[in-house]
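# Structural overview
The chain contents come next:
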Amino acid sequence: MKFDDYLCECKQISKIISENKFRYEELMNETLEKIETQKYSLGGLYIHRGYFCPSRIIDIISNVSRGKYSTCKKRDYTYSFDKNGLLILVKQGKITEFIQMEELFELGIAFCGKKDIQSVSKCEYYEDGRIKEYSYFICDSFKNKVIQMTKEKYEYTDQAIIVNYVTFMQNKQYIRKSPILIEEQYSFEIINEHFLKYSYYQIYPKNPLSKMRYFEYTDKESLFERFI
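Every value quoted in this text rests on a predicted model; they were computed, and no experiment measured them.

### Some details on the environment of serine 187
Note that serine 187 resides in strand S11 (residues 180–192). Serine 187 gets classed as partly exposed once you look at its relative accessible area, which sits at 24%. The residues touching serine 187, leaving out its near neighbours within four places in the chain, are Ala160, Ile161, Ile162, Lys197, Tyr198 and Ser199.

Right, dumping it as structure tokens:
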């Protein structure tokens, strides 16, 4: 995929913004009827959805915390699940995200207040439950426009997890008025349940230099549970 493909995808998201930006009350009423259980977390304010961010790698490659479970009154996120254990609602401050799952596809629409759609997310999963693709769109709902998109595509081999990571920006407030595209590829090798190594290089604009990193995961969840 190149510029035209990403522009086309952003236009599709613009249509989702237009169709849903006045549906807050309707979506809330539909969702409240389905809630069965709730969980809470603390921290993770700098990534989408905090502890339950669909990305398996964002905290690894950016050194930003996902946060942790919270059982006390102090909490940043409230997660609501339906009777099948599917996440359907996320609340964090003024942000409310409605999540709809249909077979192997997931759509998330996050409102700031009741009329401003802040972001849209899309996920696709393999039949075995592993994530296949995760896209996150930062939106300007007043203009029905996507400002920035990130996309992660996952492939699994016996030796490694390969992730193609794309950043696409088309906000004319930047110095460059033409869209900005950066494509990177990451290769992750799990050493044990709390330690991995990974390498990455930039595909576009082309940079042949590959870099190697090591990551130690200190949460109770193992890396095997995260990726598999």
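### Observations regarding the pattern of salt bridges
Taken as a whole and assessed by the stated rule, the structure comprises 11 salt bridges. Between arginine 66 and aspartate 59 there is a salt bridge, with the nearest N and O atoms lying 3.3 Å from each other. For aspartate 59, a relative accessible area of 7% translates into the label buried. Of the charged contacts in the structure, one is a salt bridge between arginine 130 and aspartate 128, with a shortest N-O distance of 2.9 Å. Of the residues examined, arginine 130 reaches a relative accessible area of 23% and is grouped as partly exposed. Within this structure, Glu9, Lys122, Glu133 and Lys151 form a network of salt bridges that share partners.

### So, helix H1 (residues 3–20)
Along its 18 residues, H1 runs 26 Å from first to last C-alpha, staying within 8% of the 26 Å computed at 1.5 Å per residue. Taken together, the buried positions of H1 are occupied by Tyr6, Glu9, Cys10, Ile13, Ser14, Ile16, Ile17 and Asn20. For H1, the arc enclosing every buried residue in end-on projection is 160 degrees, short of the 170-degree limit, so these residues lie on one face. Opposite its buried face, H1 presents the exposed residues Asp4, Lys11 and Lys15, each directed more than 90 degrees away.

### Remarks on unusual backbone geometry
Tyrosine 204 connects to proline 205 through a cis peptide bond whose omega is -15 degrees. Within the fold, proline 205 resides in the loop between strand S12 (195–204) and strand S13 (207–216). Phi is positive for asparagine 63, which is not a glycine, with a value near 60 degrees. Residue placement: asparagine 63 occurs in the loop between helix H3 (58–62) and strand S2 (68–69). With relative accessibility at 73%, the residue asparagine 63 sits in the exposed group.

### Some thoughts on helix H2 (residues 24–32)
The complete set of buried residues in H2 reads Tyr24, Leu27, Met28 and Thr31. Taken end-on, H2 shows its buried residues confined to a sector of 100 degrees, consistent with a single buried face. Those residues of H2 that are buried lie in contact with H1, strand S4 (87–92), strand S5 (95–102) and strand S6 (105–112).

Criteria and cut-off values
Residues numbered from 1 in each chain as written. Predicted model: local features only at pLDDT ≥ 70, side-chain atom pairs only at ≥ 80, totals over all residues. Heavy atoms only, no water. Helix = DSSP H or I, 4+ residues; strand = E, 2+ residues; numbered from the N terminus. Buried < 20%, exposed > 50% of the residue type's maximum accessible area, 1.4 Å probe, protein only. Contact = heavy atoms within 4.5 Å. Salt bridge = Lys/Arg side-chain N within 4 Å of Asp/Glu carboxyl O. Expected span 1.5 Å × (residues − 1). Arc of directions from axis to C-beta.

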